[in-house]
Amino acid sequence: MKAKDDRQKGFRLLNRPPLKQPLCIVAFDGWGDALNVSTALVHYLMRVTSAAPLAEIDPDPFYRYDQQRPTVRIRQGRLEAVTPPEAKFFYAKAAAVPSAEDKPDLIFFRGDEPSLCWQQFVDVFLEVCAHFSEVTLLSVGGLYDRVLHTEALFSAFYTSGALAAKLPGRVQPATYNGPGSIHTLLHAEAKRRGLPALSLWAHCPHYIQNTTHFGLVAELVEMMAAFTGFNLDNKPLLARWE
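Each value, and the rule that gives it
- Residues numbered from 1 in each chain as written.
- Predicted model: local features only at pLDDT ≥ 70, side-chain atom pairs only at ≥ 80, totals over all residues.
- Heavy atoms only, no water.
- Helix = DSSP H or I, 4+ residues; strand = E, 2+ residues; numbered from the N terminus.
- Rg over C-alpha atoms; globule rule 2.2 N^0.38 Å.
- Buried < 20%, exposed > 50% of the residue type's maximum accessible area, 1.4 Å probe, protein only.
- Contact = heavy atoms within 4.5 Å.
- Areas by Shrake-Rupley, 256 points an atom, 1.4 Å probe, with all protein chains shown as cover.
- Lys, Arg positive; Asp, Glu negative; His and termini not counted.
- Charge placed at Lys NZ, Arg CZ, Asp CG, Glu CD.
- Salt bridge = Lys/Arg side-chain N within 4 Å of Asp/Glu carboxyl O.

(A) Examining the overall build of the protein chain more closely. Counting its regular elements, the protein chain contains 6 helices and 11 strands. Taking 242 residues into account, the globule formula puts the C-alpha radius of gyration at 18 Å, and the protein chain, at 18 Å, falls close to it. Structurally, the protein chain occupies a C-alpha span of about 50 × 40 × 35 Å along its principal axes. Within the span of the protein chain, comprising 242 residues, buried residues form 47% of the whole. Look at the contacts in the protein chain between residues 6 or more apart in sequence, and 76% of them connect residues 24 or more apart. Of the roughly 12,400 Å² of accessible surface on the protein chain, 51% is carried by carbon and sulfur atoms. Measuring between centres, the 25 positive side-chain charges of the protein chain sit 4 Å from its 25 negative side-chain charges.

Structure, rendered in structure tokens:
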């Protein structure tokens, strides 16, 4: 079902499908996406679940275009497209995924970490989520650490023990003091509003740069399968890492 235009609120709903207890899996490109683990995860999940557009956040208030420049496409002297930094939602119905008919539906978010007005961005983000009932947030990030590329170390912080119980035992409760990311503000505001939220982090080897750690992405896919109940195949990702 098509929804009304909410651009005055800072976003635009492209569709408003009925979603059953959706799990919103969130990935931000940028500082909190070491070795592209979170954005690669969401890209893979969107592909295998045939996710469709749901909503988009107006980028103008939140990005410095001199730092995160719009991309342009010019062909044969003609300007064809100007694409600003993206902050977009997609959705996948469980009924459309084999063996997942009775599972929660999925919302995916992928976008650049905003440069400006983080609290306002979080408010707009959660306003989109408020159009759907019983949303659970699951943000995924990557951080550089003193680990080997053969290790698979994960940590998490969460608003409730019930969410933590769904994670594999190898995921450690996070202990951290230092600079924060947009994930932290999103989590804090979700907690204030009473929304269940979990933030899952992959620890990446600090000596590898400018590539994607498909081994960790495969591990995250396995965790998402356990968390959602979806039958998700991570073998193609493991093959890319070997």
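After that view, the rundown keeps rolling.
(B) Geometry of the pattern of salt bridges. Going through the model one piece at a time under the given rule, you end up with 11 salt bridges. The closest approach of N and O atoms between Glu56 and Arg12, which form a salt bridge, is 2.7 Å. Residue Glu56 is located in strand E3 (residues 52–57), and its partner Arg12 is located in strand E1 (residues 11–13); the two are separated by 44 residues in the primary sequence. On the accessibility criterion, Arg12 (29% relative accessible area) is partly exposed. The residue Arg193 makes a salt bridge to Glu189 at a minimum N-O spacing of 2.8 Å. Taking relative accessible area as the criterion, Arg193 reaches 38% and is therefore assigned partly exposed. Each of Asp123, Glu189, Arg192 and Arg193 takes part in a single network of salt bridges with overlapping partners.

Just distances and angles here, no functional claims.
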